[in-house]
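Topology and contacts: notes
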Amino acid sequence: MEVRCRAPGKIILAGEHAVVHGAAAIAASIDLYTEVRISLHPSGQENELLEVDLKDMGLNLSWPCSQLKEVLGDCSVDGSVLVSCTSEKLELLSGLVAQKNIPQESVQLNSGLYAFLFLYTSILGYKPGKAVVTSELPMGSGLGSSASFCVALSGALIALSEFSLKTKEKKDQFSFEKNDLELVSKWAFEGEKIIHGKPSGIDNTVSTFGNMIKFKKELKTTNLMMPLNSTTPLKMLITDTRVGRNTKSLVSSVSERALRHPDTMSSVFNAINSISDELALLVESPAEDKIAVSEKEEKLMELMQMNQGLLQCIGVSHDSIETVVRTTMKEKLVSKLTGAGGGGCVLTFVPTLLSAAVTEKVISELEQCGFRCFMVKVGGPGVQVFPC
Ligand SMILES: Nc1ncnc2c1ncn2[C@@H]1O[C@H](COP(=O)(O)OP(=O)(O)O)[C@@H](O)[C@H]1O
Ligand SMILES: C[C@@](O)(CCOP(=O)(O)O)CC(=O)O
Ligand SMILES: [Mg+2]
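The model shown is predicted, which means the values in this text are computed figures rather than measured ones.

Once that is clear, we can look at the site of ligand 2. Lining the immediate environment of ligand 2, one finds 19 residues, of which Lys10, Ser200, Arg245, Thr247 and Ala340 sit closest. Ala340 is positioned such that a nitrogen or oxygen atom in its backbone is 2.9 Å from an oxygen atom of ligand 2. The fraction of the free accessible surface of ligand 2 (390 Å²) that becomes covered by protein chains is 98%. Contributing elements (two or more residues each) for the shell around ligand 2: strand E1 (2–14), helix H6 (202–209) and helix H7 (247–260). Considering only residue class, the shell around ligand 2 consists of 8 nonpolar, 7 polar and 4 charged. When we break the shell around ligand 2 down by domain, the ones giving at least three residues each are domain 1 (2–227) and domain 2 (231–378).

Encoded structure:
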């Protein structure tokens, strides 16, 4: 039995970091995907293995299923019942990965591998199988590679566990329904917790459901997730500064600053919340003629600019990000970091009437700084499963 599942990366138009502390944020899926293909092998054979092939990293690892069972213990496997990874379990998973002597330059993959082992064994138990992972997303650069990996993986695993419940004739008709999508997103969130420490849930939500969403984390009730219908297409240039960073440490540095300056940081988070609220209303507002479109674009750029200022003030900007902001500003274009910051990717809004010549000039200047630029389509589909 085999399935292929793909899930998109994302950009955050407003509200990163503040969303972890309860503010609203706006995110949209982009047309760059992570794909996970899983084939299950027949059980009851000798030397059964769970294999993972991270194609882009050239890393192929396997564990005997008997070893996984011995180390992780018996588990009651039911993909429809969510469980969180305990610190004891994480320790056991880290032991299983440590045995593989992963090269030093790939250690950032460790947390992804813990998430892989956790999700696979929690949803499918110790069934022998092979997962092949490929991704179009630059890893660790703010475009949500961790969430798209967790969503594509959870999607493939849920599809396989549901497939096994379906009658033979229906096996090639699988597609995710609303309940499946919610389950996929929740499992992916459990994976994100292993990678990020304290995710808000926005990345797995937008990667699962696609389009553009307004998201707000709720402590006591269900998170707010509101799809937004943008009335004008948004064109975004992405600049990858190629400066590596790690979401987990940036998120915890902001939390530490919030502990040191609770009132001040809470005012900043409130200001970011207002930016997200305003941006949500703006993208859905009608713009029937050219004047209305350009007024709307001016407002959007101003909101992005204010958000970048506040991100800088909470300590998550970086010299490379500021270089992109200054370089694009020469052509009156506005840029802001996207995702956790500290390097990674920067968004530049491309107004409808901007000439191709100016766009090319800006890209060329950014590339001379050693950055990589590309355009993305904003607001496409979320997770999709394809039977093989
Ligand atoms: N294709 C993948 N295979 C394995 N692990 C991955 C993959 N994509 C992302 N990850 C995990 O996610 C981490 C990057 O996540 P993060 O720091 O949140 O940055 P971002 O989500 O912005 O790319 C990687 O270090 C790795 O552990
Ligand atoms: C900083 C944050 O708001 C977004 C992180 O996105 P990324 O992992 O950098 O793509 C964290 C979160 O919301 O979980
Ligand atoms: Mg991430």
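Next up on the list: the environment of Gly73. Residue placement: Gly73 occurs in the loop between helix H1 (65–72) and helix H2 (87–98). Along the primary structure Gly73 and Lys214 are separated by 141 residues, whereas in three dimensions their C-alpha atoms are 40 Å apart. Among all residues touching Gly73, those that are not within four sequence positions of it are Leu68 and Tyr126.

Right, let's talk about the coordination of the magnesium ion (ligand 3) for a bit. A metal bound by six donors in octahedral fashion has ideal angles of 90 or 180 degrees, whereas one bound by four tetrahedral donors has an ideal angle of 109.5 degrees. For the magnesium ion (ligand 3), the full set of protein donor atoms is Ser146 (OG) and His196 (NE2), at a range of 2.2 to 2.4 Å. Residue Ser146 is found in helix H4 (residues 145–163), and its partner His196 is found in helix H5 (residues 178–196); the two are separated by 50 residues along the sequence. For Ser146, a relative accessible area of 13% gives the class buried. Using a relative accessible area of 10% as the deciding quantity, one classes His196 as buried.

Moving on, we get to the domain arrangement of the protein. Per the domain assignment, the segments of the protein are domain 1 (2–227) and domain 2 (231–378). Between domain 1 and domain 2, the C-alpha centre-to-centre distance is 28 Å. The partner domain 2 presents 40 residues to the 33 residues of domain 1 that form the contact. Here domain 1 packs against domain 2, burying approximately 2800 Å² in sum over the two surfaces, 65% of which is carbon and sulfur. When the buried area of domain 1 at its contact with domain 2 is split by residue, Leu13, Glu16 and His17 rank highest and sum to 22% of it. For the pair domain 1 and domain 2, the interface holds 2 salt bridges. Across the pair Lys214 and Asp277 runs a salt bridge, and its minimum N-O distance is 2.8 Å. Here domain 1 is connected to domain 2 by 12 residue pairs in polar contact (both at pLDDT 80 or more). Within the residue set of the side of domain 1 that touches domain 2, elements represented by two or more residues are E1, strand E2 (24–40), H5 and strand E6 (212–216). Ranked by residues supplied to the side of domain 1 that touches domain 2, first place goes to E2 with 8 residues. Looking at the side of domain 1 that touches domain 2 residue by residue, the classes come out as 18 nonpolar, 9 polar and 6 charged.

What follows deals with the pattern of salt bridges. Counted according to the given criterion, the structure contains 11 salt bridges. The partner of Lys55 in a salt bridge is Asp53, with the nearest N and O atoms 2.9 Å apart.

So, about the nonpolar core. By size, the foremost hydrophobic cluster in this structure holds 56 residues, and its most contacted members are Ile11 and Leu13. Top element by residues in this core is helix H8 (residues 262–284). It accounts for 9 residues. Both of domain 1 (2–227) and domain 2 (231–378) provide at least three residues apiece to this core. Residue contacts for Leu13: discarding those within four places in its chain leaves Ile26, Ala27, Met212, Leu234, Met236, Leu279, Met304, Asn307, Lys336 and Leu347. Counting 54 residues, the second largest nonpolar core, distinct from the first, contains Leu72, Val97, Leu113 and Leu157.

Our next topic: the environment of Thr232. By the element assignment, Thr232 lies in the loop between strand E7 (224–228) and strand E8 (236–240). Taking the C-alpha atoms as reference, Thr232 lies 8.2 Å from Pro286; in sequence the two are 54 residues apart. Look past the residues within four positions of Thr232 in its chain and what remains in contact with it is Ala287, Val293 and Lys296. Of the polar contacts made by the side chain of Thr232, one reaches the side chain of Lys296; its length is 3.4 Å.

Here we take up the packing of aromatic side chains. Ring pairs (aromatic) are described by centroid distance and by the angle formed between their planes. Taken as a whole and judged by the stated rule, the model has 2 aromatic pairs. Their ring planes at 45° and their centres at 5.9 Å tell us that Phe116 and Tyr120 sit as a pair that is tilted. Of this pair, Phe116 and Tyr120 both sit in helix H3 (residues 110–124), 4 residues apart, which is roughly one turn of the helix. Tyr120 shares its class with Phe116; the two are buried. Between the aromatic rings of Phe118 and Trp187, the centroid separation amounts to 6.4 Å while the plane-to-plane angle is 55°, which identifies the pairing as tilted. Of this pair, Phe118 sits in helix H3 while Trp187 sits in helix H5, and the two are 69 residues apart along the sequence. Pair check on accessibility: Phe118 and Trp187 agree, each one buried. The side chain of Arg6 reaches across the aromatic face of Tyr33, ending 3.7 Å from its centre.

How each quantity is defined
- Residues numbered from 1 in each chain as written.
- Chains lettered and ligands numbered in written order.
- Predicted model: local features only at pLDDT ≥ 70, side-chain atom pairs only at ≥ 80, totals over all residues.
- Heavy atoms only, no water.
- Near = heavy atom within 4 Å.
- Polar contact = N/O pair within 3.5 Å; in protein donor to acceptor, adjacent residues only side chain to side chain.
- Areas by Shrake-Rupley, 256 points an atom, 1.4 Å probe, with all protein chains shown as cover.
- Helix = DSSP H or I, 4+ residues; strand = E, 2+ residues; numbered from the N terminus.
- Nonpolar A, V, L, I, M, F, W, Y, C, P; charged D, E, K, R; others polar.
- Domains from an automatic or database assignment.
- Contact = heavy atoms within 4.5 Å.
- Donors = N, O, S within 2.8 Å, 3.2 Å for Na, K, Ca; no water.
- Buried < 20%, exposed > 50% of the residue type's maximum accessible area, 1.4 Å probe, protein only.
- Buried area = accessible area lost by both parts, 1.4 Å probe.
- Salt bridge = Lys/Arg side-chain N within 4 Å of Asp/Glu carboxyl O.
- Core = buried A, V, L, I, M, F, W, Y, C linked by side-chain atoms within 4.5 Å.
- Phe/Tyr/Trp six-rings, centres within 6.5 Å; stacked < 30°, edge-to-face > 60°.
- Lys NZ or Arg CZ within 6 Å of the ring centre and 35° of its normal.

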